[in-house]
Every structure is written in structure tokens, then in C-alpha cells.
Amino acid sequence: WQRISRAAFEDVLHADGASEPAAPLAQVLEDAAALALFAVTLGEEIAQRIERLFANGDLAGGYILDQIASHAADELAQTAARLFEAAAPAAAGSAALPYSPGYCGWKVAGQRPLFAALEPGEIGISLNDSCLMQPLKSVSGVLVLAPLAAHDLSPAFPCCAACTTLDCQERVAALKARLAAG
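Residues numbered from 1 in each chain as written. Predicted model: local features only at pLDDT ≥ 70, side-chain atom pairs only at ≥ 80, totals over all residues. Heavy atoms only, no water.

## Focus on the overall build of the protein
Helices and strands together make up the secondary structure of the protein, namely 7 helices and 6 strands. When the helices and strands of the protein are read in sequence order from the N terminus, they spell out β-α-α-β-α-α-β-α-β-β-β-α-α. Over its C-alpha atoms the protein spans a radius of gyration of 17 Å, differing by no more than 12% from the 16 Å that the globule rule assigns to 182 residues. A principal-axis box enclosing the C-alpha atoms of the protein has dimensions of 50 × 40 × 35 Å. Looking at the protein residue by residue over its 182 residues, the buried ones come to 41%. Positive and negative charge centroids in the protein, built from 11 and 20 side chains respectively, lie 3 Å apart. (Helix = DSSP H or I, 4+ residues; strand = E, 2+ residues; numbered from the N terminus. Rg over C-alpha atoms; globule rule 2.2 N^0.38 Å. Buried < 20%, exposed > 50% of the residue type's maximum accessible area, 1.4 Å probe, protein only. Lys, Arg positive; Asp, Glu negative; His and termini not counted. Charge placed at Lys NZ, Arg CZ, Asp CG, Glu CD.)

Shown next as C-alpha cells:
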């Protein structure tokens, strides 16, 4: 991860229309104490292993490994947030959460300006023409350190209507539990 100022991140977020006008992430930024761009990956080996399982007809094994790897990549993003949080202390009750292109009103095409600013090629992550990351089990975005209340948004934004998971609600609940545990 690398720190970024709010003004510089807003340039990344809004480059080439990469963000919807009424986006939850824009509201979270209003209370941000610190920001950092990030990228994490499980690497190409796991993606190749998943492909081999499917190619060899082991659909169940391929599916299970794919799901485990997806969860592990998400956990890497959460770990990056906790490390950033520890490195950039803020007021009590603040926490860092990762936000990625494709979610919270930040269009998938937002990967392009994000990658231009972060340059994650040094850890082996690249983008294809449709903004899909290679290796597949990679996550990129921005880490936002802010008071818990800033992350705890009602899913009433226009982009929330198209969301099929509302994972944000689970992430905030987990964050509340972690902060309560001390």
C-alpha cells in the first residue's frame, strides 16, 4: 500500500468518470483521517491450479479451491487495512476498511487510474482490457481510515440497488465487533 492525499485520491476516483456522482465512497471520504492505495494478490500459481482442476474435470475441487482463494484474497485486503490502521493511528473508534473498484459506486474502469497511480506490476498484478486483474485472485482499491460511523452507511444509494450481496453490511458488523473486543 501507499499513502495518498484526499485530493490526489479524488483525482483517481473521478478520473474518466470512474465514479458515480452519488456514491457511498465519496461520503466516507468526507470523514477520512488517512487514505492509502493498495493491491494484494495470491499470485498466479493458485489461479493456474484452479484452472487445472476445472480442465481435468474436477469441478467440485476447482469450485472449492476457487471459493477458498476468493475468501483468502478478501482476507488479504482486510489484513492490509489492519496494517494500515496500525501504521496511521487515528481517533478512538476509527478503523480502516478497503474499498475497491466495482463496489460502492466506484466503477470497475476505476482500476485504470488506480493502477496508474499505484503501479502494482512490481508485485505481479496487471490489468486486461476489461479491467480484470491478473492473477485473478487479487484485490486492489483504497484503504480508508475513518470513524466507524463513516463506514456504517445505509444501502440507500443508487448504486446499492444493483448490488447483489450488500457485503458492506457484513464488513461493518465485523468491524464493530472487532472494535468492541478492543
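Still to come is the rest of the account.
## Focus: the pairing of strand 3 (residues 94-99)
Counting buried residues along strand 3, 6 of its 6 residues qualify, which places the element largely inside the surrounding structure. The side-chain alternation of strand 3 yields two buried faces, one formed by Ser-94, Ala-96 and Pro-98 and the other by Ala-95, Leu-97 and Tyr-99. Pairing between strand 3 and strand 6 (residues 138-147): 6 bridges, direction antiparallel. By the bridge assignment for strand 6, Ala-95 is matched with Ala-146. (Pairing = 2+ DSSP bridges.)

## Regarding the sheet that holds strand 3
Pairing is antiparallel in the open sheet, where 4 strands are placed in the order 1-2-6-3. One side of each edge strand has no neighbouring strand; the edge strands of this open sheet are strand 1 (2-3) and strand 3.

## Looking at helix 5 (residues 111-118)
Among the residues of helix 5, Gln-111, Pro-113, Leu-114, Phe-115 and Leu-118 are the ones counted as buried. Buried residues belonging to helix 5 abut strand 1, helix 1 (6-14), strand 2 (34-41), strand 4 (126-127), strand 5 (133-134) and strand 6. Glu-119 lies just past helix 5 and shows a positive phi near 55°. (Contact = heavy atoms within 4.5 Å.)

## Re the packing of helix 3 (residues 44-55) against helix 4 (residues 59-87)
Between helix 3 and helix 4, the shortest axis-to-axis distance is 7 Å and the interhelical angle comes to 160°. Judged on the interaxial angle alone, helix 4 and helix 3 are roughly antiparallel. When you trace helix 3 past helix 4, the crossing you get is left-handed. Contacts between helix 3 and helix 4 involve Ile-46, Arg-49, Ile-50, Leu-53 and Phe-54 from the former and Leu-59, Gly-61, Gly-62, Tyr-63, Leu-65, Asp-66 and Ala-69 from the latter. Here the contact of helix 3 with helix 4 is built from residues that sort into 8 nonpolar, 2 polar and 2 charged. (Axes fitted to C-alpha atoms, helices over the stretch in contact; angles between N-to-C directions. Parallel < 35°, antiparallel > 145°, perpendicular 65-115°, else oblique. Left-handed = near helix turned anticlockwise from the far one by under 90°. Nonpolar A, V, L, I, M, F, W, Y, C, P; charged D, E, K, R; others polar.)

## Observations regarding the environment of Ala-91
Looking at where Ala-91 falls in the secondary structure, it is placed in the loop between helix 4 and strand 3. We classify Ala-91 as exposed; its relative accessible area is 55%. When the C-alpha positions of Ala-91 and Ala-26 are compared, they lie 21 Å apart, and in sequence the two are 65 residues distant.

## Details of the pattern of salt bridges
Summed over all chains, the structure comprises 3 salt bridges. With a closest N to O distance of 3.1 Å, Arg-6 and Glu-10 form a salt bridge. Of this pair, Arg-6 and Glu-10 both sit in helix 1, 4 residues apart, which is roughly one turn of that helix. Owing to a relative accessible area of 37%, Arg-6 belongs among the partly exposed residues under this scheme. Measuring nitrogen to oxygen at the nearest pair gives 2.9 Å for the salt bridge that ties Asp-152 to Lys-176. In this pair, Asp-152 sits in the loop between helix 6 (148-151) and helix 7 (167-181) while Lys-176 sits in helix 7, placing the two residues 24 residues apart along the sequence. (Salt bridge = Lys/Arg side-chain N within 4 Å of Asp/Glu carboxyl O.)

## Regarding the packing of aromatic side chains
The full count for this structure, using the stated rule, is 2 aromatic pairs. Aromatic pair Trp-1 and Phe-84: ring centres 5.0 Å apart, planes at 70°, arrangement edge-to-face. Highlighted residues: Trp-1 in the segment before strand 1 and Phe-84 in helix 4, separated in sequence by 83 residues. Positioned above the aromatic ring of Tyr-99, the side-chain terminus of Arg-171 is 5.2 Å from the ring centre. (Phe/Tyr/Trp six-rings, centres within 6.5 Å; stacked < 30°, edge-to-face > 60°. Lys NZ or Arg CZ within 6 Å of the ring centre and 35° of its normal.)

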